[in-house]
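The chain contents come next:
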Amino acid sequence: MSDDIEPTESPAEPARARPLFDRHMLEALVCPLTHAVLQYDAEAQELISKRAKLAFPIRGGIPILLEDEARRLDD
């Protein structure tokens, strides 16, 4: 059995709100700028670095940890 999240939809939690990547991978990812822990925003499909004030997108289940691709967070 795999720890990957299935992209199937359930009444309790729509597929867009669940990660399409391994949960253990999320625990290992850190901000490429600050090396701080990232927070997962399921609805926006982003990884948030509060210290860097950036939101890194997740596209097709792949986190894009490039500063040029990140969205700046407002205070």
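Please refer to the structure higher up on the page.
Residues numbered from 1 in each chain as written. Predicted model: local features only at pLDDT ≥ 70, side-chain atom pairs only at ≥ 80, totals over all residues. Heavy atoms only, no water.

Caption draft 1: Summary view of the environment of Gly60. Among the secondary structure elements, Gly60 is positioned in the loop between β3 (54-59) and β4 (62-63). Distance from Gly60 to Gln45, taken between C-alpha atoms, is 9.7 Å for residues 15 residues apart in sequence. (Helix = DSSP H or I, 4+ residues; strand = E, 2+ residues; numbered from the N terminus.)

Caption draft 2: Region of interest: unusual backbone geometry. Of note in this structure, His35 is not a glycine but carries a positive phi near 65°. Along the chain, His35 falls in the loop between α1 (23-28) and β1 (39-41). Exposure remark for His35: the relative accessible area of 59% places this residue in the exposed category. Here the phi dihedral of Gln45 falls at roughly 55°; this positive angle occurs in a residue that is not glycine. Mapped onto the elements of the fold, Gln45 is located in the loop between β1 and β2 (46-49). Overall, the relative accessible area of 17% leaves Gln45 in the buried class. (Buried < 20%, exposed > 50% of the residue type's maximum accessible area, 1.4 Å probe, protein only.)

Caption draft 3: Fine view of the nonpolar core. Listed in full, the 9 residues of the largest apolar core are Leu29, Cys31, Leu38, Leu47, Ala52, Leu54, Phe56, Ile58 and Ala70. Here the element with the most residues in this core is β3; it accounts for 3 residues. When near neighbours in sequence (up to four residues on either side) are disregarded, Leu47 contacts Leu26, Leu29, Leu38, Gln39, Tyr40, Leu54, Ala55, Phe56, Ile58, Pro63 and Leu65. (Core = buried A, V, L, I, M, F, W, Y, C linked by side-chain atoms within 4.5 Å. Contact = heavy atoms within 4.5 Å.)

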